[in-house]
Amino acid sequence: MGKTRKFVVLLTVAALALSMFAVAGCEKKEDTDGTDTNGEATFTTIEAGKLLVGSDTEFPPFEFVDADGVVKGFDVDIMNAIGEKLGLEVTFMTEIFDTLIPTLKAGGKFDVIASGMTIKPERALEIDFTAPYYDSNQSLVMAKGTAYTGPEQLAGKKIGVQSGTTGEAWAKENAPDAELVPFGSATDAFAALQAGNVDAVVNDLPVSAELLKEDDRGLEIVAQIPTGEQYGFAVSKDNPELLAAIDEALADIKADGTYNDIYQKWFGILPE
Ligand code: GLN
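Q: Any chance you could explain the site of the ligand here in plain terms?
A: Inspection of the region around the ligand gives 13 residues, with Gly-116, Arg-123, Gln-162, Thr-166 and Asp-204 positioned closest. The contact in question runs from an oxygen atom of the ligand to an N or O atom on the side chain of Gln-162, over 2.6 Å. With respect to the ligand, the side chain of Asp-204 contributes an N or O atom lying 2.6 Å from a nitrogen atom.

Here it is as structure tokens:
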């Protein structure tokens with residue numbers, strides 16, 4: 001009899017302990033969620049429930065407009081995955097690359113830049129970057145068969161560049177005796193090269209590779225330029241909460257395999 005009672009008491013204690021544990025567990029989860037990505041919003045966007053994205057959408061495979069007018073690409077899929085984590089509907093808005101930073105700073109038009117934008121210290125004085133999401137380099141594109149020996153060969157030549165880009169900065173620094181011809185987009189610079197209006201184009205390597213992938217445009221990448229750039233998304237310095245939320249969502253999609261799936265979809269390989 002005494003034994004049975006002891007057993008019942010023990011069981012009750014165990015049940016109590018278990019239920020307390022369960023309650024504690026629940027509370028802990030609620031706490032985490034409340035200050036986390038899927039709890040109450042801890043950040044603000046221009047339009048509630050939406051994430052407006054500024055992008056120069058002529059930069060395949062990162063962002064481009066397909067035949068049906070739909071913006072697609074690596075950056076688009078990554079932003080959509082981030083939007084899903086944050087419970088926000090993502091809309092891409094096309095802008096000239098050069099105007100992205102001033103427009104973001106001015107506020108009111110879009111919340112974030114996703115545009116194959118290289119993280120640079122001078123840009124980071126004006127806007128805040130997320131953690132890096134893609135490693136990139138530059139490339140030099142010239143007529144097929146050009147024997148390229150080095151930047152001194154570009155002296156007196158016309159180099160097409162996209163205004164305000166790291167490709168333009170490379171050309172200014174490394175080919176000071178060349179004539180730089182600025183374009184609004186990478187695709188316009190390539191069209192000018194194909195038409196013979198410029199002699200060379202300096203542009204981000206993965207984009208040059210993509211633009212030369214399909215049709216035979218009589219052009220080729222004559223040099224890969226290892227600048228070791230990293231792309232980041234950018235948010236206004238007035239919205240550090242949104243930056244933190246995007247960074248957290250980016251870390252989440254890297255951890256859960258979504259990022260790798262998207263990378264593989266667009267580049268055919270996994271990131272290093
Ligand atoms: N990565 C380059 C830069 O940030 C080019 C970006 C672009 O043209 N979209 O300057």
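Here the narrative resumes.
Q: Whenever I open this one, the sheet that holds strand E2 (residues 58-59) confuses me. Can you help?
A: Each strand in a sheet pairs with its neighbour through backbone hydrogen bonds, running either in the same direction (parallel) or in the opposite one (antiparallel). The antiparallel open sheet is built from 3 strands, whose spatial order is E2-E3-E4. Since the sheet does not close on itself, it has two edges, and those belong to E2 and strand E4 (71-72), each with one partner. When E2 meets strand E3 (residues 63-65), the two strands line up antiparallel, connected through 2 bridges. The partner of Phe-59 across the bridge, within E3, is Glu-63.

Q: It is not clear to me how helix H3 (residues 97-106) should be interpreted in this structure. Could you clarify?
A: Helical periodicity: at 3.6 residues per turn, an α-helix aligns residues three or four positions apart in one direction. Buried within H3 are the following residues: Phe-97, Leu-100, Ile-101, Thr-103 and Leu-104. Structurally, H3 contributes buried residues whose contacts are with strand E1 (50-55), strand E6 (112-113), helix H4 (121-124), strand E9 (158-162) and strand E13 (234-235). Gly-107 lies just past H3 and shows a positive phi near 85°.

Q: Could you clarify how one ought to interpret the sheet that holds strand E5 (residues 89-94) in this entry?
A: Within the open sheet, the 5 strands sit side by side as E5-E1-E6-E13-E7. Their pairing is mixed. Looking at the sheet topology across the chains shown, the edges are occupied by E5 and strand E7 (128-129). Here E1 pairs with E6 via 2 bridges, running parallel. The residue of E6 that forms the bridge with Val-53 is Val-112. Lying over the sheet, helix H2 (residues 74-86) contacts E1, E5 and E6, oriented at roughly 145° with respect to E5.

Q: Quick question: what am I supposed to make of the side chain of Arg-217 here?
A: On the secondary structure map, Arg-217 appears in the loop between helix H7 (205-211) and strand E12 (219-231). For Arg-217, a relative accessible area of 19% translates into the label buried. Within the local environment of Arg-217, its side chain forms a polar contact with the side chain of Gln-194, the two groups lying 3.1 Å apart. Every residue in contact with Arg-217, bar those within four places of it in the chain, is listed here: Phe-190, Ala-191, Gln-194, Leu-211 and Leu-212.

Q: Teacher, can you tell me more about the nonpolar core here?
A: Soluble globular proteins tend to pack their nonpolar side chains together in the buried interior. Core analysis: the largest hydrophobic core is formed by 46 residues, its most contacted members being Phe-74, Ile-78, Met-79 and Ile-82. Excluding residues within four positions of it along the chain, Ile-78 makes contact with Phe-233, Leu-250, Ile-253, Tyr-259 and Ile-262. Grouped together as the second largest cluster of nonpolar side chains are 14 residues, Leu-154, Ala-200, Ala-223 and Ile-225 included.

Q: How do you make sense of the side chain of Ser-136 when you look at a structure like this?
A: Assignment of secondary structure puts Ser-136 in strand E8 (residues 134-143). Under the relative-accessibility criterion, Ser-136 is labelled buried at 3%. At 3.0 Å, the side chain of Ser-136 forms a polar contact with the side chain of Tyr-231. Residues in contact with Ser-136, not counting those within four places in the same chain, are Asp-204, Pro-206, Thr-227, Gly-228, Glu-229 and Tyr-231.

Q: Looking at this structure, I do not really get the pattern of salt bridges. What am I missing?
A: The full count for this structure, using the stated rule, is 9 salt bridges. With its nearest N and O atoms 3.4 Å apart, the salt bridge here joins Lys-120 to Glu-122. Its relative accessible area of 45% is what places Glu-122 among the partly exposed residues.

Basis of the calculations
Sequence positions are assigned chain by chain, starting from 1 and proceeding in written order. With pLDDT at 70 or above as the cut-off, local features in this predicted model cover only qualifying residues; side-chain atom pairs require 80 or more to be listed or tallied, and sums for whole chains, interfaces and linings still use all residues. Based on all heavy atoms of the structure, the side-chain values leave hydrogens and waters out of the count. Think of it this way: one heavy atom of a residue within 4 Å of a molecule or strand is enough to make that residue near it. In protein, a polar contact means a hydrogen-donor-capable atom and an acceptor-capable atom, both N or O and within 3.5 Å, with residues adjacent in sequence counting only if both atoms are side-chain atoms; elsewhere, any N or O pair within 3.5 Å suffices. Any two strands between which DSSP finds at least two bridges are classified as paired. Secondary structure elements follow DSSP: runs of H or I of four or more residues count as helices, runs of E of two or more count as strands, with numbering from the N terminus. Relative accessibility decides the category of a residue: with a 1.4 Å probe and only protein chains considered, values under 20% of the type maximum give buried, values over 50% give exposed, and everything between is partly exposed. A contact between two residues is defined here by any heavy atoms of the two lying within 4.5 Å. Helix axes are fitted to C-alpha atoms over the stretch in contact, other axes to C-alpha atoms as well, and angles between N-to-C directions run from 0 to 180 degrees. Only buried residues count toward a nonpolar core, which is a set of Ala, Val, Leu, Ile, Met, Phe, Trp, Tyr and Cys residues joined through side-chain atoms within 4.5 Å. Whenever a carboxyl oxygen of Asp or Glu lies within 4 Å of a side-chain nitrogen of Lys or Arg, that contact is scored as a salt bridge.

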